[in-house]
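# Observations on chain architecture
Read off the chains here:
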Amino acid sequence: MLEHIPAWLGKALAAVRAGSEKLVIARRDIGHGISALELTSPAFADGGRLPPRFTADGAGVSPPLTWGTPPEGTASLVLIVEDADAPAPQPLVHAIVWGLPADAGRLEEGAIVADGDGTAARDVGRNSYFAEGWLPPDPPTGHGSHRYAFQLFALDAAAGDPGATPGRGAVVKAMAGHVLAAGVLVGTYGREEEAPIGPAGAAATA
C-alpha cells in the first residue's frame, strides 16, 4: 500500500493533500448547525499521535473509541474515519460503521472488522480499498504527518438505508438531512524520511 511509495516521491507529494474541508463532517448538508457529540479514545488524545499498533506498522487493528450520550431522538449512529492528508483529490476512507445502536457508547479495540452483510445491530462498510473493515494508516514516507479524522454522527429514525456493506457515497446520501449531532476525534501519524548514509554501495564507517 502507501508505505511502499519511495521516500523521495512521498516528499515530492508533500503539498498534495485532500484537505480537511473535504471531510464528511465539513459538508454543509451533513454537519452544519448541529449539536456536538463528545468522541474520545483511551488510546490517544485528540490531535495526538496514533500508537503504531493501530497502523500498518503494527498489528493494524482499529483503536478503541468512546462517546457521550447522543441527543434525544437519536435512532442510530454512524462512524466514518478519513485521512484528510491523503495525496489524492478526496480523503481516503479508513472505516465506515453504519447502524451503531444509539446506546452503544463505545467501540472496543479491534471491533472494526469485515462482517459480510452486517448484523442486526450494525454493518461495517467499505473503505477506499473496496474492502470491509479497518484500513490501517500507512502514509508515504516523507509525506509528513497525516490527520485521521474519526467522525461520529447521531442520526434520526428517518435516515435512509445505504444498503449492505455501504461505501462513503451511499452513507453520505442516507445521512443527509438526518444528522442530529456529530463529533470528531483526530489522530495523527507519519513516517519520517530515512536519512541517507552515504553513496550507494559505500560501507558504513564508525
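Before any of the text, the structure's been laid out above.
Reference entry: report on the structure contained in this document. (Residues numbered from 1 in each chain as written. Predicted model: local features only at pLDDT ≥ 70, side-chain atom pairs only at ≥ 80, totals over all residues. Heavy atoms only, no water.)

## Remarks on the pattern of salt bridges
Just so we agree on the cut-off: The term salt bridge refers to a pairing of a side-chain nitrogen on Lys or Arg with a carboxyl oxygen on Asp or Glu at a separation within 4 Å. Numbering of helices and strands runs from the N terminus; a helix is a DSSP stretch of H or I covering at least four residues, while a strand is a stretch of E covering at least two. Type-normalised accessible area, obtained with a 1.4 Å probe on protein chains alone, sets the label of each residue: buried when under 20%, exposed when over 50%, and partly exposed for intermediate values.
Under the definition given, this model contains 7 salt bridges. Residue glutamate 82 pairs with arginine 168 through a salt bridge whose shortest N-O separation is 2.7 Å. Of this pair, glutamate 82 sits in strand S4 (residues 76-83) while arginine 168 sits in helix H3 (residues 168-175), and the two are 86 residues apart along the sequence. Classification of glutamate 82 as buried rests on a relative accessible area of 0%.

## Some words on the sheet that holds strand S6 (residues 106-107)
The criterion, for reference: Whether two strands pair comes down to DSSP finding at least two bridges between them.
The strand order across the open sheet built from 3 strands is S2-S3-S6, with neighbouring strands paired in antiparallel fashion. Single-partner strands in this sheet number two, and they are strand S2 (39-40) and S6. Bridge count between S2 and strand S3 (residues 65-67): 2 bridges; the pairing is antiparallel. Looking at the pairing, threonine 40 lines up with threonine 66 of S3.

## Examining the environment of tyrosine 189
To keep things clear, this is the line we draw: Contacts are assigned to residue pairs with any non-hydrogen atoms lying within 4.5 Å of each other. Any pair of nitrogen or oxygen atoms within 3.5 Å is treated as a polar contact; in protein, a donor-acceptor pairing is required on top of that, and neighbouring residues in sequence qualify only through side-chain atoms on both sides.
Topologically, tyrosine 189 is positioned in strand S9 (residues 179-189). Along the sequence, tyrosine 189 and serine 145 sit 44 residues apart, while their C-alpha atoms lie 5.3 Å from each other. In this structure, tyrosine 189 is in contact with Arg49, Leu50, Pro52, Thr55, Asp57, Pro139, Gly144, Ser145, His146 and Tyr148, ignoring residues within four places of it in sequence. Of note is the side chain of tyrosine 189, whose polar atom sits 2.6 Å from the side chain of aspartate 57.

Function cannot be inferred from these measures alone, as they are strictly geometric.
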